[in-house]
Amino acid sequence: MKQIAASKTKDIILAKPPAKKKAVPTGSAIPALSGNSGPQNRERPEQPGSYRATLQEMLSFYREMLLIRRFEEKAGQLYGLGLIGGFCHLYIGQEAVAIGLQSALIPGKDSVITGYRDHGHMLAYGIDPNIIMAELTGRAAGISRGKGGSMHMFSTSHKFYGGHGIVGAQVSLGAGLAFKHKYAGDGGVCLAYFGDGASNQGQVYESFNMAELWKLPIIFVIENNQYAMGTSVNRASSEDQLYRRGESFRIPGIQVDGMDVLAVRGAAETALEWVRGGKGPILLEMKTYRYRGHSMSDPAKYRSRDEVQAMRENSDPIEQTKARLVEMGISEDEIKAIDKDIRAIVNEAADFAESSPEPDANELYTDILVEQY
Amino acid sequence: MAVELKMPALSPTMEEGTLAKWLVKEGDVVKSGDILAEIETDKATMEFEAVDEGTVTSILVSEGTDNVKVGTVIALIAGEGEDTAAPAAKQAAAAPISAPAAVAAPAAPSPVPAMSAIKSDPAIPAGTQMVTMTLREALRDAMAEEMRREPNVFVMGEEVAEYQGAYKVTQGLLEEFGPARVIDTPITEYGFAGIGTGAAMGGLRPVIEFMTFNFAMQAIDHIVNSAAKTNYMSGGQMRCPIVFRGPNGAAARVGAQHSQNYAPWYASVPGLIVIAPYDAADAKGLLKAAIRCEDPVVFLENELLYGRSFDLPVIDDYVLPIGKARIMREGSDVTIVSYSIGVGMALEAAGILAGEGISAEVLDLRTIRPLDKAAVLQSLTKTNRLVVAEEGWPTCSVGSEILAICMEEGFDDLDAPVLRVTNEDVPMPYAANLEQLALVNPAKIAATCRKLF
């Protein structure tokens, strides 16, 4: 399996598996304070392995990641045509993270919350692409009836709690969802995604503290796509190995190759075992990469074209999965048939989103308050 | 069939741009992700990527062309086989480019009046026994009763459990309900406001205590951006039945950072309920209503009132309607509108004025949002003169709002200008004499009323 060395190299993702170097920190740099067992004495989760997917699972990983890719490309296109307005943050390149993690959850029991780059997480939960796309175009048929937009989408029936536009807010809110799981004793786990940028927000650490203090069932997932808008991790973070960010709260962290869906799924299994075992929160750092700009209006001049190309050519999550499928005996024709199928779904979503009517003017004043006073 | 490549909008505001450079030429085969062209917007030069695979058959706008309107076809790509039947060529795509104009269409609809069934305070039958109780006890009883009634209600905040409340409002709750439902937090307002909001989104009914609302400024993002707006942003899917409560306004001699009235701040936010009771009966009845409410509530108490005793009817399950003002004292010459601690001062002022032959009516707003406009206007109809007394700053205050309402909807009833009497427009000073000068008081309220005659 692939691992990412816990060194401060500038390699963003290692295309080749590095030497078997433990990604888990030893914590030996800081001596234990009296009264506390030092980090090195604490129980640690096992270093996760690569998930052994069945052919069927591998096919669904491929299919679902491809759906996100094509959906996002189409969203980019519709933005260019003026059909989507405002801010629109695409998930292209990061598909393996949402698919690898959410495929391990129990829908209806576990909850998911994320920031504004949320289209992929919704698709990963099987939410209808038509109503997601219709939300992006601001139509009445959209999942938020056209009143949320790209950054503000929710599906309470899937226990998908958004879709939040304030960087880092979803971390505290996610801890609240985990609090609910614990309070109700419903056995659910909250998966709270945030980016490398959000990992510098103060409320993240307030939430880490309380989550560990109260042993809340939550998996904190840092989707480290290397750039907080235009600022690279190294320029913004004094500790740039983000999986260590839970250390002072005694939250174990694992660094994962977020471009490899099997590595992600393997980490999800380990994390879920830990959290469902009542051991409190765990932190997963997903080393990933977004191919597009931060949002549609970001020219992404802060990185070289070569960097993006290298990532696409060597680490693309979908290409990796395709290669595995071929190894498993799936023919090019079968793969093409999936591709064709996905394009049809996405084209239909775009058609639906373009042709659906805008919200009725009366919707302006609905859903502000639940009750009448 | 060929796919039309159109001049893309590359920012929320872009209408046209310069096609700076083509990176492909006619006959080139491109695949998804290849850079086709560089386009200059007013802000930046952006790369334009291919989405579909195919061969560039013709370039229709040459490089260096300025002012290319968004949506103009700039090139054609012939696809390989069926995949290229993408909707890019569809006519429908062109129309919505001018979409923002649609916003300027017909006049916005008015808010739905929620007046259909105005609820009243429950009748207090003659002979109902009254008990004397402090505001602090009334608030505690409200929480305890609601916690007994509904297992999903819990209380969270700094020092609410083992310490029994920084101002002893949560006294005894830990003992009765245990540490799973009465939860001490670290000093971390932003974090626990977010956790409470998330728990409410998940289906619980949190009562979040801020030691004072001054500290809630650390957490205001979750109150406003997370709690208040999510129902709307989700098209009505998300619920956030949470109460944020704690002391608000000036205490005594605690200086500028601990003496501030946040009612106008929260009252400006659609999606929030804001309640600021004066006496113990209202505090109890409205806090119970707030905890049962499906909407997020900011419940503003007052430290100086915590220890004050009031009469409270002995009625099982005393719940009051949200959004309903109350006439505290009937009068015919001038209406004094107030809320929270200001109501007590207004009542004192009315007493002073009565001695001078001026009959003042005192209206307690109780709920600041939604504001009981009807009650304000009705009283104005009767007295034709109105003063707003507010323990807070004058600028953009609740008083400012009442003034606007009277101008817009009660102008014909006015015999004199509506006046505000508030704290001085300064940070709260520490020195005893300066603090007294800064604060509103009954004498200032009475003096303001006299100006109207």
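Residues numbered from 1 in each chain as written. Chains lettered and ligands numbered in written order. Predicted model: local features only at pLDDT ≥ 70, side-chain atom pairs only at ≥ 80, totals over all residues. Heavy atoms only, no water.

Caption draft 1: Expanded view of the overall build of chain A. The helix and strand tally for chain A stands at eleven helices and eight strands. Taken across its 373 residues, chain A has 61% of its residues classed as buried. Considering only intrachain contacts with a sequence separation of at least 6, the fraction spanning at least 24 residues in chain A is 75%. For chain A, the accessible area works out to roughly 13600 Å², and carbon and sulfur atoms hold 52% of it. (Helix = DSSP H or I, 4+ residues; strand = E, 2+ residues; numbered from the N terminus. Buried < 20%, exposed > 50% of the residue type's maximum accessible area, 1.4 Å probe, protein only. Contact = heavy atoms within 4.5 Å. Areas by Shrake-Rupley, 256 points an atom, 1.4 Å probe, with all protein chains shown as cover.)

Caption draft 2: Structural view of the overall build of chain B. Secondary structure summary: chain B contains 13 helices and 22 strands in total. Over its C-alpha atoms chain B spans a radius of gyration of 30 Å, topping by over 25% the 22 Å that the globule rule assigns to 453 residues. With respect to the three principal axes, the spread of C-alpha positions in chain B is 95 × 55 × 50 Å. Across chain B, contacts joining residues at least 24 apart in sequence account for 76% of those joining residues at least 6 apart. (Rg over C-alpha atoms; globule rule 2.2 N^0.38 Å.)

Caption draft 3: The interface of chain B and chain A, seen in detail. Contact with chain B, which involves 85 residues of that partner, is made by 65 residues of chain A. Counting the surface chain B buries against chain A, the share from its top three residues, I195(B), Y232(B) and M233(B), is 11%. Summed over the shared surface of chain B and chain A, the result is four salt bridges. R305(A) is the salt-bridge partner of E47(B), the closest N and O atoms lying 3.5 Å from each other. Run the count over chain B and chain A and you get 23 residue pairs in polar contact (both at pLDDT 80 or more). Residue assignment for the side of chain B that touches chain A shows that the elements contributing at least two residues are strand 5 (45–49), strand 10 (153–157), strand 11 (182–184), helix 3 (189–202), helix 4 (220–228) and helix 5 (230–233) of chain B. Considering each element in turn, the side of chain B that touches chain A owes the most residues, eleven residues, to helix 3 of chain B. Broken down by class, the residue content of the side of chain B that touches chain A amounts to 44 nonpolar, 25 polar and 16 charged. (Buried area = accessible area lost by both parts, 1.4 Å probe. Salt bridge = Lys/Arg side-chain N within 4 Å of Asp/Glu carboxyl O. Polar contact = N/O pair within 3.5 Å; in protein donor to acceptor, adjacent residues only side chain to side chain. Nonpolar A, V, L, I, M, F, W, Y, C, P; charged D, E, K, R; others polar.)

Caption draft 4: Up close: the sheet that holds strand 1 (residues 2–6) of chain B. All names here are of chain B. Sheet architecture is open: four strands sit in the order 1-8-6-3, paired in antiparallel fashion. Both outer strands of the open sheet, strand 1 and strand 3 (29–30), are each paired with one neighbouring strand and no more. Of the pairings in the sheet, the one linking strand 6 (residues 54–59) to strand 8 (residues 73–78) comprises four bridges and is antiparallel in character. Paired with V56 across the strands is I77, a residue of strand 8. (Pairing = 2+ DSSP bridges.)

Caption draft 5: Here's a closer look at the nonpolar core. Ranked by size, the top nonpolar core spans 81 residues in total, and within it F179(A), F210(B), F244(B) and I402(B) carry the most contacts. Counting residues in each nonpolar core, the second largest holds 78 residues, with M65(A), L81(A), A267(A) and I282(A) among its members. (Core = buried A, V, L, I, M, F, W, Y, C linked by side-chain atoms within 4.5 Å.)

Caption draft 6: Fine view of the packing of aromatic side chains. Residue and element names in this part refer to chain B. Tallied over the entire structure, the rule returns 19 aromatic pairs over all chains. By the ring-pair criterion, three or more aromatic residues cluster together here, those being F192, F210, F213, F244, Y262, W265 and Y266. Just above the ring of Y430 sits the side chain of R253; from NZ or CZ to the centre is 4.2 Å. (Phe/Tyr/Trp six-rings, centres within 6.5 Å; stacked < 30°, edge-to-face > 60°. Lys NZ or Arg CZ within 6 Å of the ring centre and 35° of its normal.)

Caption draft 7: Representation of the environment of H222(B) within the structure. Along the chain, H222(B) turns up in helix 4. With relative accessibility at 0%, the residue H222(B) sits in the buried group. For H222(B), the residues in contact, after removing those within four places along its chain, are A169(A), S172(A), L173(A), Q203(A), Y190(B), A193(B), G194(B), T197(B) and A227(B).

Caption draft 8: Molecular detail of unusual backbone geometry. The amide bond that connects G162(A) to the next residue, G163(A), takes the cis arrangement and shows omega of 20 degrees. Along the chain, G163(A) falls in strand 2 (residues 160–163). Following R369(B), the chain continues into P370(B) via a peptide bond in cis, with omega recorded as -5 degrees. As for its position among the elements, P370(B) is in the loop between strand 20 (367–369) and helix 10 (373–383). Here the phi dihedral of K159(A) falls at roughly 55 degrees; this positive angle occurs in a residue that is not glycine. Within the element layout of this structure, K159(A) appears in the loop between helix 4 (129–136) and strand 2. A positive phi angle, close to 65 degrees, is found at K168(B), a residue other than glycine. Here K168(B) is to be found in the loop between strand 10 and helix 2 (173–177).

Caption draft 9: Quick peek at the pairing of strand 10 of chain B. Residues and elements named next belong to chain B. Burial runs high along strand 10: five of the five residues are buried. Bridge count for strand 10 against strand 12 (residues 205–209) is five bridges, and the pairing is parallel. Looking across to strand 12, one finds that M156 is bridged to I208. Bridging between strand 10 and strand 11 involves three bridges; their strand directions are parallel. Within the sheet, the bridge partner assigned to M156 lies in strand 11 and is I183.

Caption draft 10: Spatial organisation of helix 1 (residues 55–80) of chain A. All names here are of chain A. Here helix 1 contains 26 residues, and its C-alpha end-to-end distance of 37 Å stays within 8% of the 38 Å for a straight helix at 1.5 Å per residue. Among the 26 residues in helix 1, 20 count as buried, and that is most of the element. One or two residues past the end of helix 1 sits G82, with phi positive at roughly 80 degrees. (Expected span 1.5 Å × (residues − 1).)

Caption draft 11: Structural context of the pattern of salt bridges. Residue and element names in this part refer to chain B. A full pass over the atoms with the stated rule returns 44 salt bridges over all chains. The shortest N-O distance in the salt bridge between K25 and D28 comes to 3.3 Å. Judged by its relative accessible area of 55%, K25 falls in the exposed class. By relative accessible area, which is 21% here, D28 ends up partly exposed. A salt bridge links D317 to R292; the nearest nitrogen and oxygen atoms lie 2.5 Å apart. Of this pair, D317 sits in the loop between strand 16 (309–313) and strand 17 (326–329) while R292 sits in helix 7 (residues 280–292); the two residues are 25 residues apart in sequence, bridging distant segments of the chain.

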